[in-house]
Amino acid sequence: MTLEGRDLLSLGDWTSDEVTLVIERAKIQKRMWMQSSNRPRPLADRAVAIIMLKPSMRTRVSFEVAVSQLGGTPIVLGADSAFSRNESVRDTVKVLERYCDCIVLRTFDQSHVEEVAQHASVPVINALTDDYHPCQVLADLLTIEEHFGVLKGLKLAYVGDGNNMANTLLLGGAQVGMDVTIACPPGFEPLKGALDRAQQIAAGTGSALEVERDPREAVAGADIVVTDTWASMGQEAEHDVRVAQFSGYRVDAALMALAKPGGIFMHCLPAHRGEEVTDEVIDSGQSVVYEEAGNRMRAQKALLSLIMG
Ligand code: CP
Ligand code: NVA
């Protein structure tokens, strides 16, 4: 199996074996990097454009460091350069691919990253859109695998907004045979297209997927409890209204106590302490949020090595 030359736009575009390959490669590379002075540099003489049209700390830094550690050159671009001055997507991509061997893009519409991939002769990686965040969920799966030693059969409960993280956890969970329940208020469900695609994948892997109203039902017996911000990037003006709408969906110690003993808490960060999660939970021994953030770089190094050959 090879991933050479492939785009990563959504985890729904890949097979279960391909998703698992990235996680397995990340585990091996992480071990090699920590144990050995022989650190392969598969991206030597190659450059990766990292285009951020929304704010980012983790994704930007973890991709920059990943590319550098693999021997390549990261080029970070913002809205003042890439796609600026009304330049068309096609013109931008046709120029950029002459300098760079891979394009990493954080943007708003999923159709934007798809259009970039359509024009690009180099691999394109989705670094978050309004709909999906595949790099985050690869890191999440790596973190869960490291913690439990297994993925298939685990039960993941996501509590809160049916946003890009919820959509991607449904797809990623289905790919590895985990059960995923999303608990959200009415009107904040994950995308129908994401749920439908995840159900198709789940038919082959044995995952059970559910969307539920009651966070307590969702978390009962869960191995992994996940939440995310109630107002994603681009929804800042709705923040106060959303805080009221999501008030029953905060992950606090009482909710977390319903998870399995040994259950873990995850959050892609940035967290809004006191809103979607309490300090008590995110700072508890059950929280793996910093390991999860650290694994962004591990998962992306594996991804870049595999798709860039
Ligand atoms: N989790 C995540 O993607 O963080 P940033 O928005 O800081 O990149
Ligand atoms: N759902 C959040 C994730 C941030 C990493 C957002 O899109 O803002």
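For every chain, the first residue of its written sequence is number 1, and the numbers climb from 1 along that sequence. For naming, the first written chain is A and the first written ligand is 1, with later ones following in the order written. Two thresholds apply to this predicted model, a pLDDT of at least 70 for residue-level local features and 80 or more for giving and counting side-chain atom pairs, whereas whole-chain, interface and lining totals are computed over all residues. Side-chain measures were taken over the full set of non-hydrogen atoms in the model, leaving aside hydrogen atoms and water.

S.K.: With reference to specific residues and values, describe the overall build of the protein chain.
M.R.: Strands are runs of DSSP state E lasting at least two residues, helices are runs of H or I lasting at least four, and both sets are numbered from the N terminus onward. When its secondary structure is counted, the protein chain shows twelve helices and nine strands. Computed over its C-alpha atoms, the radius of gyration of the protein chain comes to 19 Å, within 12% of the 19 Å expected for a compact globule of 309 residues. Taken along the three principal axes of its C-alpha coordinates, the protein chain extends 55 × 45 × 35 Å. Counting every position in the protein chain, which comprises 309 residues, the buried fraction comes to 56%. Two things to know: the radius of gyration comes from C-alpha atoms, and the globule rule equals 2.2 Å times the number of residues to the power 0.38. Residue burial is assigned from relative accessible area. The probe radius is 1.4 Å, only protein chains are included, and a residue is buried under 20% of its type maximum, exposed over 50%, and partly exposed in between.

S.K.: An account of the layout of surface pockets is needed here, citing residue identities and associated values.
M.R.: If you roll a probe as big as a water molecule over the atoms, it shows you where there is empty space left. Put simply, the grid is 1 Å and covers the protein atoms alone, a cavity is a trapped set of points that fit a 1.4 Å probe, a pocket is an open set with protein on both sides within 12 Å along at least five of seven lines, and lining residues have an atom within 4 Å of a point. Grid points are joined across faces, edges and corners, and a volume is the space filled by probe spheres set on the points. In this structure, the largest pocket occupies an estimated 360 Å³ of space. Along the walls of the largest pocket sit 23 residues, with R106, L128, M233, L269 and P270 positioned nearest its centre. At the level of secondary structure, the elements contributing two or more residues to the lining of the largest pocket comprise α2 (58-69) and α6 (164-176). Classification used: nonpolar for Ala, Val, Leu, Ile, Met, Phe, Trp, Tyr, Cys and Pro, charged for Asp, Glu, Lys and Arg, polar for all others including Gly. Residues of the lining of the largest pocket, tallied by class, amount to nine nonpolar, eight polar and six charged. As for the second largest pocket, its lining consists of 18 residues, of which D130, G162, N163, N164 and Q235 are closest to the centre. Per-class residue counts for the lining of the second largest pocket are four nonpolar, eight polar and six charged.

S.K.: Provide a residue-level description of the environment of S62, including the pertinent values.
M.R.: Examined against the element boundaries, S62 turns out to sit in helix α2. For S62, a relative accessible area of 7% puts it in the buried group. Taking C-alpha positions, S62 is 8.8 Å from A293, a pair spaced 231 residues apart along the chain. Excluding anything up to four places from it in sequence, S62 contacts R296, M297 and Q300. Only heavy atoms enter the contact rule, under which two residues are in contact if any of them lie within 4.5 Å.

S.K.: Describe the packing of helix α1 (residues 16-35) against helix α5 (residues 134-148), listing the residues and the values that go with them.
M.R.: The contact between α1 and α5 brings their axes to 10 Å, and the two run at 65°. The interaxial crossing formed by α1 with α5 has right-handed handedness. Taken together, the residues of α5 that come into contact with α1 (itself represented by V19, V22, I23, E24, A26, K27 and K30) are L138, L141, L142, E145 and E146. Broken down by class, the residue content of the contact of α1 with α5 amounts to seven nonpolar, no polar and five charged. Structural elements are reduced to axes, namely lines fitted to C-alpha atoms, with helices fitted over the stretch in contact, and the angle between N-to-C directions of any two is expressed from 0 to 180 degrees. The hand of a helix crossing depends on one turn: near helix anticlockwise from the far one by less than a right angle means left-handed, and clockwise means right-handed.

S.K.: Which residues make up the site of ligand 1, and what values do they have?
M.R.: By convention in this text, a residue qualifies as near a molecule or strand provided that one of its non-hydrogen atoms is within 4 Å of it. Taken together, S56, M57, R58, T59, R106, H133, Q136, C268, L269 and R296 are the residues near ligand 1. Between ligand 1 and the protein, one listed contact pairs an oxygen atom with a side-chain N or O atom of S56 at 2.6 Å. Distance and chemistry together define a polar contact, namely a pair of N or O atoms within 3.5 Å, with one atom able to donate a hydrogen and the other to accept it when in protein, and with adjacent residues in sequence counting only for side-chain atoms on both sides. At a separation of 3.0 Å, a nitrogen atom of ligand 1 approaches a polar side-chain atom of Q136. All accessibility values rest on the Shrake-Rupley procedure with a 1.4 Å probe; residue burial counts only the protein chains present in the view. In isolation ligand 1 has 260 Å² of accessible area, and contact with the protein removes 96% of it. A molecule is counted as occupying a cavity or pocket when more than half of its atoms fall within 2 Å of that pocket's grid points. Here ligand 1 is seated within the largest pocket. In terms of residue class, the shell around ligand 1 is made up of three nonpolar, four polar and three charged.

Limitation: the analysis is restricted to geometry and does not speak to function.
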